[in-house]
Amino acid sequence: MKPAVNGVRVREDVWKLATWDDTLLWYARAVARMRQLPIRNSASWRYQAAIHAYLRNQDPLAAATDSLPSLSHRRRFWNQCQHGSWYFLPWHRLYLGFFEQIVRSHVVALGGPDHWALPYWNYSDEGNPQAKLVRREFRDASLPDGSPNSLADAKRGQTPSLSQQGRQTGDFGIDSSDTDLGCLLTVPFRTGRFGVPSGFGGPRTGFQHSGGVIGDLERVPHGSIHVAVSGWMGAFETAGLDPLFWLHHANIDRLWEVWLGRGSQFQNPTDPSWGAPSGTDFDFHDATGAIATHTADEVIDTTTPLLSYRYEDISDPLATAGLAEEEIIMGTGPATLVGASEETVRLSSSPTTANVQIDPTAITENLAALAEGEPQRIYLNMENIVGAGKASSYKVFVNAPADDPEGASHYAGLLPMFGLAEASRRDDPHGGSGLTYVLDITDAVNRLKQRNEWNEENLKVTFVPKQREQDGEGPQVGRISLYYR
Ligand SMILES: [Cu+2]
């Protein structure tokens, strides 16, 4: 555990800690204490998870003796997590900040150090061959002193075999499609236009649980890691019950700092409804149980007394890979719909292919409307995806031949279905419009053109499930559309 400097604590890379470092040992002790507190207590483990989402009939820790807070209290403080929204990053930053403060108060009450800070899990670290594994401190049945290990007390794994393998080796099947940062760090915070990717931080929305177009960071690695770890991590209402959730989100929060640090062109929204004291209020409880209300503009600097942390490492992974490109790659011209699927598409546990008719005239018209020298970019939209059941991830391929549905040169991106059931429930605070994803497929299309595998009038889209053992019906994609800009 690194010391605090001027009251600013250090969130450390979990893979750089020694086995059962104090950071992990005190986390385990505090979680065990929090698990003992009743769900009504805002400093309890279950209350903290319920802030993200809570469904009584999905609560794996529900007990007949539970006494829930009042309905009005739950409406204000529970089911608050922000997804498909430009509030995704600031809301989760505050959520983690107060969680960290609460854990620390338990650590101190148990006799531990008051510079305890949440570690982060950098599964995208190319320099660490173990980066994608879950550390043994989250799997061991007991602490070094023999007492039960609360960090291992969670349900994980996409399938029974992955669950068992993961428990033994830490390998839950996370691969580079889940952790690849791709062009994530080269996109602007948001673009706010239909048909184009919603940017690094998510689209402009009101305060909302889910429903908007999923931002690039929220898709991969955020959603993909939720789905890959699966179990409690695989659904909004149980995610916060897994001690790993908080290390995952610390890394997502860290990537925000990495992105901002890449250059002055990487900027947070300046819109007052996002970044001003008059912006949307987020309500939490601090470690004393007092109500704490804050806005996005208060969390931009993590070193102020409100948050008082910094990350051990926010170096630019693109610079390390010799790929420092300072260009922001989304254009500003008009987005043009050039084609859409005729019917809904039902995904399943085997590859599914759908066709999108393209209107070549619309592509030419879009090109003419672009500014001189502005490159035309191509966006594949998967709109209003709905479904129930366990979330899985689908790999998307364009114009893949039937005998090689997963050829690397046809790969367009990953669709993690994290939040699918939540976004599909009409009777829920989560919406009913489903998930909408947008992939930038410009590079994939250019590769196809070079190999003469591009068809001006038809696009073939193939969805390959990452986990084949899933059962039941897969999600339904409302419409697949193609936009040029
Ligand atoms: Cu999350």
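Residues numbered from 1 in each chain as written. Predicted model: local features only at pLDDT ≥ 70, side-chain atom pairs only at ≥ 80, totals over all residues. Heavy atoms only, no water.

**Student:** How should I be thinking about the overall build of the chain in this particular structure?
**Tutor:** When helices and strands are tallied, the chain shows 14 helices and 14 strands. Its C-alpha atoms give the chain principal-axis dimensions of about 70 × 45 × 45 Å. Among the 485 residues that make up the chain, the fraction classed as buried is 59%. Counting only contacts in the chain whose residues sit at least 6 apart along the sequence, the fraction spanning at least 24 positions is 75%. Per element, the accessible surface of the chain, about 18,800 Å² overall, is 48% carbon and sulfur. If you average the places of the 43 positive and of the 58 negative side-chain charges in the chain, the two averages end up 5 Å apart. (Helix = DSSP H or I, 4+ residues; strand = E, 2+ residues; numbered from the N terminus. Buried < 20%, exposed > 50% of the residue type's maximum accessible area, 1.4 Å probe, protein only. Contact = heavy atoms within 4.5 Å. Areas by Shrake-Rupley, 256 points an atom, 1.4 Å probe, with all protein chains shown as cover. Lys, Arg positive; Asp, Glu negative; His and termini not counted. Charge placed at Lys NZ, Arg CZ, Asp CG, Glu CD.)

**Student:** Sorry if this is basic, but what is going on with unusual backbone geometry here?
**Tutor:** Excluding glycine, a negative phi dihedral is what most residues carry, and trans is how most peptide bonds are arranged. Along the chain, Val 220 connects to Pro 221 via a cis peptide bond; the corresponding omega equals 5°. Tracing the backbone shows Pro 221 in helix 7 (residues 216–229). Positioned with a positive phi, Asn 384 is a non-glycine residue whose angle comes to about 50°. Among the structural elements, Asn 384 can be located in strand 8 (residues 378–385).

**Student:** Whenever I open this one, the side chain of Glu 100 confuses me. Can you help?
**Tutor:** Mapped onto the secondary structure, Glu 100 falls in helix 4 (residues 88–109). Ignoring any residue separated from it by four or fewer positions in sequence, one finds Glu 100 in contact with Arg 11, Trp 116, Ala 117, Leu 118, Leu 307 and Tyr 309.

**Student:** Please explain the packing of aromatic side chains as it appears in this structure.
**Tutor:** Remark: the centre distance and the inter-plane angle together describe each pair of aromatic rings, the angle taken between the planes. Evaluation of the coordinates by the stated rule reveals 26 aromatic pairs. With 5.6 Å between their ring centres and 70° between their planes, Phe 189 and Trp 274 make a pair best called edge-to-face. Within this pair, whereas Phe 189 is found in the loop between helix 6 (176–179) and helix 7, its partner Trp 274 is found in helix 10 (residues 272–275), the two being separated by 85 residues in sequence. One exposure class covers both Phe 189 and Trp 274, and it is buried. Through a chain of ring-to-ring contacts, the aromatic side chains of Trp 45, Trp 91, Tyr 95, Phe 98, Phe 99, Phe 245, Trp 246 and Phe 284 assemble into a single cluster. Note that Arg 29 overlies the ring of Trp 26, its terminal NZ or CZ placed 4.4 Å from the centroid. (Phe/Tyr/Trp six-rings, centres within 6.5 Å; stacked < 30°, edge-to-face > 60°. Lys NZ or Arg CZ within 6 Å of the ring centre and 35° of its normal.)

**Student:** Can you walk me through the domain arrangement of the chain in this structure?
**Tutor:** Many authors give the size of an interface as the accessible area that is lost as the parts come together. Domain annotation of the chain identifies domain 1 (9–320) and domain 2 (336–484). One C-alpha centre belongs to domain 1, the other to domain 2, and the line joining them spans 28 Å. If you look at the interface, domain 1 gives 35 residues, while domain 2 gives 32 residues. Both faces considered, domain 1 and domain 2 share a buried interface measuring about 2,700 Å² in area, 61% of it formed by carbon and sulfur atoms. Contact with domain 2 buries area across many residues of domain 1, yet Gln 158, Arg 219 and Val 227 alone supply 21% of it, more than any other trio. (Domains from an automatic or database assignment. Buried area = accessible area lost by both parts, 1.4 Å probe.)

**Student:** Sorry, what's going on with the coordination of the copper ion here?
**Tutor:** Put simply, a metal with four donors set out as a tetrahedron has ideal angles of 109.5 degrees, and one with six donors set out as an octahedron has ideal angles of 90 or 180 degrees. Within the protein, the atoms that donate to the copper ion are His 222 (NE2), His 226 (NE2) and His 249 (NE2), at distances of 1.9 to 2.1 Å. For the copper ion, the donor residues sit on a single chain with the sequence spacing H-x3-H-x22-H. Linking His 222 with His 226, this pair stays in helix 7, spanning four residues, or about one helical turn. His 226 matches His 222 in its accessibility class, with the two residues each being buried. (Donors = N, O, S within 2.8 Å, 3.2 Å for Na, K, Ca; no water.)

**Student:** Mind showing me how you'd approach the nonpolar core here?
**Tutor:** A general trend in soluble globular proteins is that nonpolar side chains are found buried together. Counting residues in each nonpolar core, the largest one holds 123 residues, and the members touching the most others are Tyr 27, Trp 121, Leu 380 and Ile 441. It is helix 4 that provides the largest number of residues to this core, a total of 11 residues. In terms of domain composition, this core takes at least three residues from each of domain 1 (9–320) and domain 2 (336–484). Ignoring any residue separated from it by four or fewer positions in sequence, one finds Tyr 27 in contact with Trp 45, Phe 99, Val 103, Trp 116, Leu 118, Phe 138, Leu 151, Pro 243, Trp 246 and Leu 247. In terms of nonpolar packing, the next biggest core, distinct from the first, is built from five residues, Val 196, Val 213, Val 438 and Tyr 483 among them. (Core = buried A, V, L, I, M, F, W, Y, C linked by side-chain atoms within 4.5 Å.)

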